[in-house]
There are 2 protein chains.
Amino acid sequence: MNLNGNLIIGLKEEAGSEKEVSAKNPSTNDTLSPGYKGATAKQLEHACDLANNAFYKYKNTSFEDRAKFLDTIAEEIEAVKETLLKITPEETGLPEARITGETGRTVGQLRMFAEFIRNSKHTDATIDEALPDRQPLPRPDLRLRNVAIGPVAVFGASNFPLAFSVAGGDTASALAAGCPVIVKAHSSHPRTSEIIGRCIQNAVKKNNLPDGTFSLLFGSGNIVGQGLVKNKYIKAVGFTGSRNGGLQIVKTAQSRNEPIPVYAEMSSINPVFVFNSVLENPDKFIEGFLVSLQMGAGQFCTNPGLIITKNSKNYENFKFKLAEKIKEQNSQTMLSNVIAKAYEEGVSKFKSKNNITLVGEGKKNGNANQCIPHLFETSANEFKKDQDLSDEIFGSTSLIIKCENDQDFNEIAKKIEGQLTISFHSNNVEEVSEEFVSLIEDRAGRIIYNQFPTGVEVCHAMVHGGPFPATSDTRSTSVGSKAIFRFLRPVSYQNIPKELLPKELV
Amino acid sequence: MNLNGNLIIGLKEEAGSEKEVSAKNPSTNDTLSPGYKGATAKQLEHACDLANNAFYKYKNTSFEDRAKFLDTIAEEIEAVKETLLKITPEETGLPEARITGETGRTVGQLRMFAEFIRNSKHTDATIDEALPDRQPLPRPDLRLRNVAIGPVAVFGASNFPLAFSVAGGDTASALAAGCPVIVKAHSSHPRTSEIIGRCIQNAVKKNNLPDGTFSLLFGSGNIVGQGLVKNKYIKAVGFTGSRNGGLQIVKTAQSRNEPIPVYAEMSSINPVFVFNSVLENPDKFIEGFLVSLQMGAGQFCTNPGLIITKNSKNYENFKFKLAEKIKEQNSQTMLSNVIAKAYEEGVSKFKSKNNITLVGEGKKNGNANQCIPHLFETSANEFKKDQDLSDEIFGSTSLIIKCENDQDFNEIAKKIEGQLTISFHSNNVEEVSEEFVSLIEDRAGRIIYNQFPTGVEVCHAMVHGGPFPATSDTRSTSVGSKAIFRFLRPVSYQNIPKELLPKELV
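Conventions we followed
- Residues numbered from 1 in each chain as written.
- Chains lettered and ligands numbered in written order.
- Predicted model: local features only at pLDDT ≥ 70, side-chain atom pairs only at ≥ 80, totals over all residues.
- Heavy atoms only, no water.
- Pairing = 2+ DSSP bridges.
- Helix = DSSP H or I, 4+ residues; strand = E, 2+ residues; numbered from the N terminus.
- Axes fitted to C-alpha atoms, helices over the stretch in contact; angles between N-to-C directions.
- Contact = heavy atoms within 4.5 Å.
- Buried area = accessible area lost by both parts, 1.4 Å probe.
- Salt bridge = Lys/Arg side-chain N within 4 Å of Asp/Glu carboxyl O.
- Nonpolar A, V, L, I, M, F, W, Y, C, P; charged D, E, K, R; others polar.
- Domains from an automatic or database assignment.
- Polar contact = N/O pair within 3.5 Å; in protein donor to acceptor, adjacent residues only side chain to side chain.
- Least-squares fit on C-alpha atoms with pLDDT ≥ 70 in both.
- Parallel < 35°, antiparallel > 145°, perpendicular 65-115°, else oblique.
- Buried < 20%, exposed > 50% of the residue type's maximum accessible area, 1.4 Å probe, protein only.
- Arc of directions from axis to C-beta.
- Right-handed = clockwise from strand over helix to strand, strands pointing away.
- Lys, Arg positive; Asp, Glu negative; His and termini not counted.

Asker: Whenever I open this one, the sheet that holds strand E18 (residues 397-403) of chain B confuses me. Can you help?
Answerer: Two modes of strand pairing occur in sheets, parallel and antiparallel, and in both the strands are linked by backbone hydrogen bonds. Here we have 10 strands laid out as an open sheet, ordered E5(A)-E6(A)-E21(A)-E20(B)-E19(B)-E12(B)-E13(B)-E18(B)-E17(B)-E15(B), and mixed in their pairing. At either margin of the open sheet sits one strand with a lone partner, and together these are strand E5 (126-128) of chain A together with strand E15 (357-361) of chain B. The mean inter-strand angle of the sheet, taken between neighbouring strand axes irrespective of direction, is 20°. Bridge analysis of strand E13 (residues 306-310) of chain B against E18(B) gives five bridges, and the strand direction is parallel. The partner of Ile308(B) across the bridge, within E18(B), is Ile401(B). Along the sheet, helix H10 (residues 283-294) of chain B makes contact with strand E12 (271-274), E13, strand E17 (374-379), E18 and strand E19 (419-425) of chain B, crossing E18(B) at roughly 140°. Strand contacts of helix H14 (residues 406-415) of chain B: E12, E13 and E18 of chain B, with the helix running at about 155° to E13(B), the strand carrying the most contacts.

Asker: It is not clear to me how the interface of chain B and chain A should be interpreted in this structure. Could you clarify?
Answerer: Interfaces are frequently sized by the accessible area removed from exposure as the parts join. Contacts between chain B and chain A engage 67 residues on the former and 67 residues on the latter. Of the roughly 5,900 Å² buried between chain B and chain A, counting both surfaces, carbon and sulfur atoms make up 56%. For the pair chain B and chain A, the number of links is 12 salt bridges. Among the ionic pairs, Glu441(A) bridges to Arg145(B), the shortest N-O distance being 2.5 Å. Counting residues per element, the ones that place at least two in the side of chain B that touches chain A are helix H1 (41-59), strand E5 (126-128), strand E6 (142-148), helix H15 (434-441), strand E20 (444-449) and strand E21 (488-494) of chain B. Sort the elements by how many residues they give to the side of chain B that touches chain A and E21(B) lands first, with seven residues. In terms of residue class, the side of chain B that touches chain A is made up of 32 nonpolar, 15 polar and 20 charged. In terms of strand pairing, strand E21 (residues 488-494) of chain A meets E20(B) through three bridges, oriented parallel. What sits directly across from Ser492(A), in E20(B), is Arg446(B).

Asker: Mind showing me how you'd approach the domain arrangement of chain A here?
Answerer: Residue and element names in this part refer to chain A. As far as domains go, chain A holds domain 1 (41-266 + 471-505) and domain 2 (271-449). Here domain 1 and domain 2 have C-alpha centroids that lie 34 Å from each other. Opposite the 13 residues of domain 1 that make contact, domain 2 presents 12 residues. For the pair domain 1 and domain 2, the summed buried surface comes to about 890 Å²; carbon and sulfur atoms form 58% of the total. Our count for the contact surface shared by domain 1 and domain 2 stands at one salt bridge. Put simply, Glu417 and Arg243 hold a salt bridge, and the shortest N to O gap is 3.4 Å. Scanning the region where domain 1 abuts domain 2 turns up two residue pairs in polar contact (both at pLDDT 80 or more).

Asker: Help me out: how do you make sense of the relation of the copies chain B and chain A in this one?
Answerer: The operation relating the pair of chain copies consists of a rotation about an axis and a translation along that axis. Superposing chain B onto chain A takes a rotation of 180° plus a shift of 0.0 Å along the axis, which leaves an RMSD of 0.0 Å. The two molecules are tied by a two-fold rotation axis, judged by turn and shift. For chain B, the smallest separation between a C-alpha atom and the rotation axis is recorded for Gln254(B), amounting to 3.5 Å. Both copies present the same face, since 100% of the interface residues in chain B are matched by interface residues at the equivalent positions in chain A.

Asker: Got a minute to help me understand the packing of helix H3 (residues 81-92) of chain B against helix H6 (residues 190-206) of chain B in this structure?
Answerer: Helix packing geometry: the angle between the two helix axes and the distance between the axes. Residues and elements named next belong to chain B. Look at H3 against H6: their axes get within 8 Å of each other, and the N-to-C directions meet at 150°. Relative to H6, the element H3 lies roughly antiparallel. Here H3 contributes Thr83, Leu84, Ile87, Thr88, Glu90 and Glu91 to the contact with H6, which in turn contributes Pro190, Arg191, Thr192, Ile195 and Ile196. Considering only residue class, the contact of H3 with H6 consists of five nonpolar, three polar and three charged.

Asker: Mind showing me how you'd approach the environment of Glu82(B) here?
Answerer: All names here are of chain B. Mapping Glu82 onto the fold places it in helix H3. Owing to a relative accessible area of 60%, Glu82 belongs among the exposed residues under this scheme. Taking C-alpha positions, Glu82 is 9.3 Å from Thr100, a pair spaced 18 residues apart along the chain.

Asker: I keep staring at helix H14 (residues 406-415) of chain A and nothing clicks. Help me out?
Answerer: Residues lying three or four places apart along an α-helix face the same way, a consequence of the helix completing one turn every 3.6 residues. All names here are of chain A. Regarding H14, the residues found buried are Asp408, Phe409, Ile412 and Ala413. Axial view of H14: buried residues confined to an arc of 140°, hence all on one face. Structural note: H14 exposes Asp406 and Gln407 on the side pointing more than 90 degrees away from its buried face. Residues of H14 that are buried make contact with strand E12 (271-274), strand E13 (306-310), helix H13 (380-385), strand E18 (397-403) and helix H15 (434-441). Capping of H14 at its N-terminal end is provided by Asn405; its side-chain oxygen lies 3.2 Å from the backbone amide nitrogen of Gln407.

Asker: Is there a simple way to think about helix H7 (residues 221-230) of chain B in this case?
Answerer: Buried residues of H7(B): Val224(B), Gly225(B), Gln226(B), Gly227(B), Leu228(B) and Val229(B), and no others. Looking at the buried positions of H7(B), the neighbouring elements they touch are H1, strand E7 (152-155), strand E8 (181-184), strand E9 (214-217), strand E10 (236-240) and helix H8 (243-254) of chain B.

Asker: It is not clear to me how the sheet that holds strand E10 (residues 236-240) of chain A should be interpreted in this structure. Could you clarify?
Answerer: Residue and element names in this part refer to chain A. Read across the open sheet, the seven strands follow the order E2-E1-E9-E8-E7-E10-E11; overall the sheet is mixed. The strands lining the two open edges of the sheet, one partner per strand, are strand E2 (12-14) and strand E11 (262-265). If you compare each strand with its neighbour and ignore which way they point, the axes differ by 20° on average. Pairing analysis gives four bridges linking E10 to E11, with the strands arranged parallel. Residue Gly238 lies in a different strand from E11, and its bridge partner there is Tyr263.

Asker: Would you explain the pairing of E20(B) in this entry?
Answerer: The two faces of the sheet receive side chains in turn, since in a regular strand these alternate between them. All names here are of chain B. Burial analysis of E20 places six of its six residues in the buried class, which makes it a mostly covered element. When E19 meets E20, the two strands line up parallel, connected through five bridges. Of the residues in E20, the one forming a bridge with Phe424 is Tyr449. Crossover E19 to E20 through H15 is right-handed.

Asker: Help me out: how do you make sense of the environment of Val250(B) in this one?
Answerer: Examined against the element boundaries, Val250(B) turns out to sit in helix H8. Apart from the residues lying within four places of it in its own chain, the contact partners of Val250(B) are Val262(B) and Ser472(B).

Asker: Can you walk me through the side chain of Thr171(B) in this structure?
Answerer: All names here are of chain B. Residue position: Thr171 is located in helix H5 (residues 169-177). According to the relative accessible area criterion, Thr171 is buried, its value standing at 1%. Beyond its immediate chain neighbours, meaning those up to four positions away, Thr171 contacts Val154, Ser165, Val166, Val181, Val183 and Ile200.

Asker: Hey, could you run me through the environment of Lys232(A) in this one?
Answerer: Residues and elements named next belong to chain A. Summarising the element assignment, Lys232 is placed in the loop between helix H7 (221-230) and E10. Of the residues examined, Lys232 reaches a relative accessible area of 57% and is grouped as exposed. Each C-alpha atom, one on Lys232 and one on Pro151, is 9.8 Å from the other, the two residues being 81 residues apart in sequence. Aside from chain neighbours lying at most four places away, what touches Lys232 is Arg256 and Glu258.

Asker: Is there a simple way to explain the side chain of Glu265(B) in this structure?
Answerer: Residues and elements named next belong to chain B. Take Glu265: it is sitting in strand E11 (residues 262-265). Buried charged residue Glu265 carries no salt bridge. Nearest counter-charge: Arg486, at 8.1 Å. Among the polar contacts made by the side chain of Glu265, one reaches the side chain of His464 at a distance of 2.8 Å. Apart from the residues within four sequence positions on either side, Glu265 is in contact with Phe164, Phe239, Thr240, Gly241, Cys301, Leu420, His464, Ala470, Thr471 and Ser478.

Following this line, the structure appears as structure tokens:
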């Protein structure tokens, strides 16, 4: 495949003419070709017009036809696996094994949504038949189903170049729902984005779907990002990224006349509560924790950034062992220079604070943009007082909060902001009160017992979401089959004759 | 029951000390006692603190206990039926028969939600069992259910003093979901609000539910309305009312740090498309239309404010008959002086416009604040050009759009804003294209064939919602059992031991 740096607008491709971005190899900081010129406001508008024109035909495709389309995208992606293995690691610093895994996850998601709509599981078909003889008034025939919400804007994420980007969960669920999609490619992996964008465009063509079912735009947050969120034809937005980025999109959406749903998955430090029983023999916990902390150089939304535990006779031993083990950990290349700089700044800030202490740090092992894992410690009182300590440091850094008693422990549980996940570890269920479980359930999309937050299973019972600031809309998940409901709305059909009823309601 | 004009704050009652409002008899403009002093900012904060404190206990009540609570509220309301028949018509101008019907609807809704949660239909319990031997990685046990979103603020509506007010659909669905509720009473029926508020407070006491499960505040939009929407403990808002009122709440909610869902049901002119076949013998249509137009003096969210039809040899006869029939219609007393004035202004504006003509108007029949029904006519071209003609005139006024051809007809369907309902009438299904049905489905929460939009059935397949500006959140309904999902959020439980799992997931 020749990469040419073009935008994909419906069935065509064309060069942008705004400021060019290029990928960089994060392990060398070398610039990678081709350059990607940004979409102009006019090109963006054209993509939105096409999406709006495509909407009527696309939303009315049969479930089977849409499922075939998703399956075709999966096949197209599998056909470029080798290209991805060459191109993606170079611009993301991620190892080949990760790209193989993430490719599998991406095609798996597409096929899961295909299966979901084949089985009509998204329709919520609900029928209340007429009761013509009811007193005092007859009841009309009422039938409800979900319909597609309209064209959707998706923002590619930097940390998952495949599974949360051009053909990631947002795109897959929106296309499955019957919504045309316009993706803003993330500027740190434009080449991977182009490859995947072409896969989707091929699948649109092979399935004879309308022009505008899919577009892929490169360009700046100002022109492309804000332009998409403001466009009147866009009816929902999917985003995975930083808190600042997410809040900017929320704010832009709020400036519209018509409010639209914004599904921004933003920041989470994924607290891990460790009960006393674990500290008695902490080796297994420590091993699992460090694997989770180091996964993807800590650049997972579910990276465990906080350990909350209680002081006990075993505490110092626990901390000592953690310190020993983290020193053995190697650094890893981060996704980009921007992310690596932000990580270094976050770590430096923690190091300069006098209310936390460094427990240990790993070894540097590579050239540019390394994430050296760090572990810090503070007290419950300091954590409660200092809002800075709740900030996410995107990378393999975690902070231990040493509580002096049960009250501290529960107060921390009450104080923490909304999270994607909260985990708790215990070898004795009786240590854990129902109140504690109820508390953490109010603050997270997923609660986890004796396992670690990284590893977000793609299934029906997954919630990758949670209260603000983990996301901007706590009613939703961005992973798993229920992600499709973000892009649907219910419609009720009253007394509609069979000839005109949607098939799933007859 | 002695009305005393007090606020209800949790288990207590106390007088407000902000500006007093009193009900007025709309048919005489006489002031009715008692006066209701507004809640202070401090009282409001106290109610929110109590709701937040109540949340943990209340959300964890069993489904059966919450169902009993809802049933008790229904019983308490039935016990004050006679009082309502005396008090409510006086301050709303609504006839006794309407109050009887609306009381039945209100207790029916409460019992429907009780039944719904008794049957665990709100939980969406979803289980993906562990696959410990899966390759390359085992799958953890994952279980999902819905939990209550948090304390909810509900704004009483002027046009349904019972079914969309203190114990209306918003309150019933939020309480059923496990959310404490704080209601801002509508200032035009404070006495009815007090009566119903006491019913709920009694039910809280009888069921030993926590202090703060329910509060009722009187007062201004500035202090109480905005104060509730801004309060950090409030996690969702339910509102039924005007577009201006709804947008103000949306805007206030957007000023919060934490975004929360706002379910504002605002304005809708409920277009009625009339196909040619109906005009051949229009008597039945005209009869049904006028009943719908006159229902509740046109003060229904689903009042039919627009008739779209095509010019044909039968058109003049259709219009003539409509004109004759509307002249026979009597005026009715509106809910308040404010609403009656706005209605008169809307009608005067239409009368003064030179792009529409008056088809006919009804007879004045009463003293103050009368809604005299009106029917106007315009062309498709004028409607497309003049945004004023899309504005809601809250009351029994409707505008006929005379289209010259099929293209006009479909263009109007494309041009109209989001609606609660769109109806179409035809005696020959072959006149109606699938494209037309698909078009109106994109612009409404409910589409209706050969029936009229007023009469919103409380059932499972109802959608009382729709695209903006009908509502601020097109993913929801405010009537019917699915209204409960507005106040729930999903949580996933990973590897949680049976002892700590919620009952519905074991």
